[in-house]
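# Inside the fold
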Amino acid sequence: MPIPLQSGVIYGPIESRRFGKSLGVNFLPTDRKVCNFNCVYCQYGFSEPSPQADWPTVDEIYEASEDFFQRAKEDNASFDWVMIAGNGEPTLYPDFLAAVDRLLGLRDEFFPRLPVGILSNASTCHRPAGREGLRKLDGCFMKLDAGDSRIFKRLNQPVGNTSLAFMLEGLRGLEKITLQSLFVMGKVDNTAPAAVE
């Protein structure tokens, strides 16, 4: 059963085993999942085809983040991470680099030592603008579930022309990444030794 979408730009903080007290930032629309994958295990269900997504502007992301950070600073709140994630794949945001730059500027102003990271499916990290934005972050937590193209198609169910080869090329071009993988068995199985290797 899918979980509800995030209803705004800022959500949380969420208590996370990996990231402690984590504040979420959603660059994506609030009325739909926007992703180029339909992973069989996605918490938001399947992506619905849409001719036009209602993207928030960079200014809207900035203003919502600034308002939250201002109040959090006044309340002496503390966080372990700010994590760019949200309702799908955040690097699909059309002005990804500009949004990252504005968010990092707010971090520097209000919480200078707070790391900013991203949860990404790694599908766009071969694109120059996306890669530049990713390189500026303190942590890139990138999905890699498949050891070959057949498993990739069955497990991640990419939409469009996304390929495992492009993903791997992009991942190799990033300096600081943490790979995250979900291992599954059943109709789709990515646990065989050859796939893991």
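These figures come from a predicted structure and were not determined experimentally. (Residues numbered from 1 in each chain as written. Predicted model: local features only at pLDDT ≥ 70, side-chain atom pairs only at ≥ 80, totals over all residues. Heavy atoms only, no water.)

For the rest of this paragraph, the subject is the overall build of the protein. Secondary structure summary: the protein contains six helices and six strands in total. Each helix and strand of the protein, placed in order from N terminus to C terminus, yields the pattern β-β-α-β-α-β-α-β-α-α-β-α. A compact globule built from 197 residues would reach a C-alpha radius of gyration of about 16 Å, and the protein, at 17 Å, matches this within 12%. Taking all contacts inside the protein whose residues are at least 6 apart in sequence as the whole, residues at least 24 apart take part in 72%. For the protein, the exposed surface amounts to about 10400 Å²; the carbon and sulfur share of it is 51%. The distance from the centre of the 21 positive side-chain charges to the centre of the 25 negative ones in the protein is 7 Å. (Helix = DSSP H or I, 4+ residues; strand = E, 2+ residues; numbered from the N terminus. Rg over C-alpha atoms; globule rule 2.2 N^0.38 Å. Contact = heavy atoms within 4.5 Å. Areas by Shrake-Rupley, 256 points an atom, 1.4 Å probe, with all protein chains shown as cover. Lys, Arg positive; Asp, Glu negative; His and termini not counted. Charge placed at Lys NZ, Arg CZ, Asp CG, Glu CD.)

Here the focus is helix 5 (residues 164–172). Buried within helix 5 we find Leu-164, Met-167, Gly-170 and Leu-171. For helix 5, the buried positions fall inside an angular range of 125° around the axis, keeping them on one side. Exposed side of helix 5, more than 90 degrees from the buried face: Ala-165 and Arg-172 are the residues found there. Tucked into the core, helix 5 has its buried residues touching helix 3 (128–136), strand 5 (139–143), helix 4 (149–155) and strand 6 (177–180). (Buried < 20%, exposed > 50% of the residue type's maximum accessible area, 1.4 Å probe, protein only. Arc of directions from axis to C-beta.)

Before going further, it helps to examine the layout of surface pockets. Estimated volume of the largest pocket: approximately 1000 Å³. Counting only elements with at least two residues in the lining of the largest pocket, the list comes to strand 1 (10–16), strand 2 (20–26), strand 3 (81–85) and strand 4 (116–120). Along the lines of polarity and charge, the residues of the lining of the largest pocket split into 16 nonpolar, 12 polar and six charged. (1 Å grid on protein atoms, 1.4 Å probe; cavity = no way out; pocket = protein on both sides within 12 Å on 5 of 7 lines; lining within 4 Å. Points joined across faces, edges and corners; volume = space filled by probe spheres on them. Nonpolar A, V, L, I, M, F, W, Y, C, P; charged D, E, K, R; others polar.)

Take the packing of helix 2 (residues 96–110) against helix 3 next. Helix packing geometry: the angle between the two helix axes and the distance between the axes. Their axes nearest at 8 Å, the elements helix 2 and helix 3 cross at an angle of 15°. In terms of orientation, helix 2 lies roughly parallel with respect to helix 3. At the point where helix 2 passes helix 3, the crossing takes the left-handed sense. Packed against helix 2, whose contacting residues are Phe-96, Leu-97, Val-100, Asp-101 and Leu-104, the element helix 3 presents Ala-129, Gly-130, Glu-132, Gly-133, Leu-134 and Lys-136 at the interface. Residue classes in the contact of helix 2 with helix 3 are distributed as six nonpolar, two polar and three charged. (Axes fitted to C-alpha atoms, helices over the stretch in contact; angles between N-to-C directions. Parallel < 35°, antiparallel > 145°, perpendicular 65-115°, else oblique. Left-handed = near helix turned anticlockwise from the far one by under 90°.)

For the rest of this paragraph, the subject is the packing of aromatic side chains. Under the defined criterion, the tally for this structure stands at 11 aromatic pairs. The interplanar angle of 45° and the centroid separation of 6.4 Å between the aromatic rings of Phe-69 and Phe-110 together place this pair among those described as tilted. Of this pair, Phe-69 sits in helix 1 (residues 58–74) while Phe-110 is found in helix 2, placing the two residues 41 residues apart along the sequence. Taken individually, Phe-69 and Phe-110 each receive the classification buried, so the pair is uniform in this respect. One aromatic cluster in this structure is built from Phe-68, Phe-69, Phe-79, Phe-110 and Phe-111. Taking the ring centre of Phe-111 as reference, the NZ or CZ of Lys-73 above it sits at 5.5 Å. Just above the ring of Tyr-62 sits the side chain of Arg-102; from NZ or CZ to the centre is 4.0 Å. (Phe/Tyr/Trp six-rings, centres within 6.5 Å; stacked < 30°, edge-to-face > 60°. Lys NZ or Arg CZ within 6 Å of the ring centre and 35° of its normal.)

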